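Chain by chain, the residues:
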Amino acid sequence: MKRATTILLLLGALLAAGLSICAVATAADLSSAARVHWSFQPEGGTWKEIRVPAGGWRAQGYTCDAGVYRAEIAIPAFRAGERVHIVFAAVNFGADVSIGPDEAHQTRVASHINGWVPFTADVTPLVQPGQRVLLAVDVKGRRKFMANGRYTVPEGATWDPMLEEGILRGIELRVVPAVRIDDIFVKTTLNPDTLEAHAAVVNDTGKAVSIRVRQLLVPVGKTDSRYPRVPTVTAALAPGERRELDLGRVAWQLGAASYWWPNLPYRPGYTARLHSLALTLETPGQPPTAKSVRFGFRQFSVRGNHYELNGVRVNLRGDNQQEADFGTDAYGIKAGFGPPSGGNLGWPKAVDNLLRLNFNVMRIHQIPATPYMLDVCDEKGLMLVHESPLRGSEGGEDYAAGKENFLNMDRELVLRDRNHPSVVIWSAANEWTDPIRDAMKVIRAVDDTRPIIADGVGDMGPDVINMNHYVNGLGGMPTTGGSVRPDRPYGETEAVWDRDNTWQGFAWMATSVRVRRLKGDADLRNYVL
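The structure contained in this document is the topic of the report that follows. (Residues numbered from 1 in each chain as written. Predicted model: local features only at pLDDT ≥ 70, side-chain atom pairs only at ≥ 80, totals over all residues. Heavy atoms only, no water.)

Residues of strand β27 (residues 452–455) alternate between two faces, with I452 and A454 on one and I453 and D455 on the opposite face, all of them buried. Direction of pairing for strand β26 (residues 423–430) relative to β27: parallel, over a ladder of 3 bridges. Pairing of S427 across the sheet is with I453, part of β27. Since β26 and β27 lie parallel, the crossover through helix α6 (residues 436–446) that links them has a hand, and here it is right-handed. The sheet contact formed by β27 and strand β28 (residues 465–469) spans 3 bridges and is parallel. Looking at β28, one finds that D455 is bridged to M467. (Buried < 20%, exposed > 50% of the residue type's maximum accessible area, 1.4 Å probe, protein only. Helix = DSSP H or I, 4+ residues; strand = E, 2+ residues; numbered from the N terminus. Pairing = 2+ DSSP bridges. Right-handed = clockwise from strand over helix to strand, strands pointing away.)

Moving on, we get to a nonpolar patch on the surface. Taken together, the side chains of L357, W503, F506 and L529 present a nonpolar region at the surface, about 480 Å² in accessible area. Along the polypeptide, L529 turns up in the segment after β30 (523–526). Among the residues examined, L529 registers a relative accessible area of 39% and is labelled partly exposed. (Patch = residues over 30% accessible without salt bridge, like charges linked within 9 Å, V, L, I, M, F, W, Y side chains within 5 Å. Areas by Shrake-Rupley, 256 points an atom, 1.4 Å probe, with all protein chains shown as cover. Salt bridge = Lys/Arg side-chain N within 4 Å of Asp/Glu carboxyl O.)

Moving on, we come to the pattern of salt bridges. Here the structure, examined in full by the defined rule, presents 40 salt bridges. The salt bridge involving E323 is made with R169; its shortest N-O contact spans 3.8 Å. Taken together, the residues E323 in the loop between β23 (316–321) and α2 (330–333) and R169 in strand β12 (residues 166–177) connect sequence positions 154 residues apart. For R169, a relative accessible area of 22% corresponds to the partly exposed category. One salt bridge connects D375 with R294, and the closest N-O pair in it is separated by 3.5 Å. Pair noted here: D375 is in helix α4 (residues 371–380) and R294 is in strand β19 (residues 286–295), with a separation of 81 residues, a long-range link. For D375, a relative accessible area of 9% translates into the label buried. Note on R294: relative accessible area 12%, which makes it buried. Here the salt bridges share partners, and the residues they tie into one network are R363, E387, D455, E494, D523 and R525.

Applying the stated criterion across every chain, the model contains 19 aromatic pairs. Ring plane angle 15 degrees and centroid distance 5.8 Å describe the contact between Y259 and F297, whose orientation is recorded as stacked. Remark: F297 occurs in the loop between β19 and β20 (300–303) and Y259 occurs in the loop between β17 (242–251) and β18 (274–283); sequence separation between them is 38 residues. Each member of the pair, Y259 as well as F297, is classed as buried. When the ring of F326 is compared with that of F337, the centres are 5.2 Å apart and the planes differ by 75 degrees; the resulting orientation is edge-to-face. (Phe/Tyr/Trp six-rings, centres within 6.5 Å; stacked < 30°, edge-to-face > 60°.)

Before going further, it helps to spend a moment on the nonpolar core. Within the largest apolar cluster, 52 residues are counted, with the highest numbers of intra-cluster contacts made by W347, V351, L382, L384 and I436. Counting residues per element, the ones that place at least two in this core are α2, α3 (346–356), β24 (361–364), α4, α5 (399–417), β26, α6 and β27. Ignoring anything within four residues of it in the chain, the contact list for L384 reads V361, M362, I364, L374, C377, S422, V423, V424 and I425. Ranked by size, the runner-up nonpolar core spans 34 residues in total, among them V52, I73, V133 and I171. (Core = buried A, V, L, I, M, F, W, Y, C linked by side-chain atoms within 4.5 Å. Contact = heavy atoms within 4.5 Å.)

Let us look at the pairing of strand β6 (residues 94–102). Burial runs high along β6: 7 of the 9 residues are buried. Pairing geometry for β6 and strand β7 (residues 105–113), over 7 bridges, is antiparallel. Counted as the bridge partner of D96 is S111 from β7. Connecting β6 to the next strand, β7, in antiparallel fashion are 2 residues. Sheet analysis places β6 next to strand β9 (residues 132–140), joined by 7 bridges and oriented antiparallel. What sits directly across from D96, in β9, is D138.

Shown next as structure tokens:
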């Protein structure tokens, strides 16, 4: 990962294009690693020191179902018209955020329900430059969200008593312009090859403003002078308006060498082809600001009863990975899922090993991957089925009582991760028919570029791509494959368990894919190596 180098290249390209760019924002780390001292009061307990994020409270020995975090933080200098945001990477599962000069004078600034996805608290009206304030986060774990003895939040691992809860992954304080770009979404299509982009633009002022958005395509890692010119777009924003701005569509004439391809057959040192779209926002009387997004040019689509990547038939073969098998908040705190460090080669080496096994896909099962993990898969060329934490297994979740939370989860996860080219399929839920059709609508509203599947359910009709689990029963030798049909892809996407961690299971994984492939299965993922 060379994010700092990429940012410098982007700014250099923008300056070379004649654009004078100010800093995008001031950002300050509010985690314990930045020497911010956090205290925690478990429900019914007393205040003690705690590290943030550090896997939440269960990873640090607390067995409570709720608690309050607090820390004194410094507000940096900011100018009139700028906004001060506190951005949480993830809090499981409910958070009420408050801020004030001391414990007795706190004002709630944000509330959020759902885990593993980011949210923002705007504290601007309550802070002054240079001030020190007390930040408090009242967190409720999954057992505080129950109805009829079942969860009303998507928690992903009903069976796991040590599932992560509390503040996870990280917190940042950011100073951002009142008129800004909050999000970018790049869509790519083939035959004809086109690129289109959309940006979420925000006017957090009390007056109407005119904006101009300039676009520039920038290479990532390799140079390419043949990028198409992308148009400049203008718009007028009303006071307080947030708008999804269409940035236009352009022809892409760089050919197949510019496409995102997986690393198959495996080649050591392979780096997938990636690009970046850099935007600058110009507002009269204000310095321009910049925001960019990395993407891969590729199209993953359904063709009859199989999938195609960039117009080439692709048969998926791989495995399913469940974070809870590795421990509390393993994706956030275990060395094997992070950058190389010490004697551990980290997630990049794990992805290499999966590709060397001739896997071309991994289902990130139930617990969402971190953005870092997705970045590595983008770069190394491993395709992913990205699954939400909606879990029907064991009857642990109540869709009717928690419908809003479940659908918000799918929407927020897709919004976070839709620019990652390695994500080729969304799995809307695991082994649960109740939310599927509603979830499909929610996902398509924010990303209409990928197939959506239901993993581990029976046939729901021609409008749902469903994948079978354990066709030959638990612990049975998988020989049958998914239910054959001509109109949609089919496959068996969990098999072998609970023989998986034996030599017998390993041999079955190695040989049964070919047996089921002869029956035409488009997607074969065993469970779990």
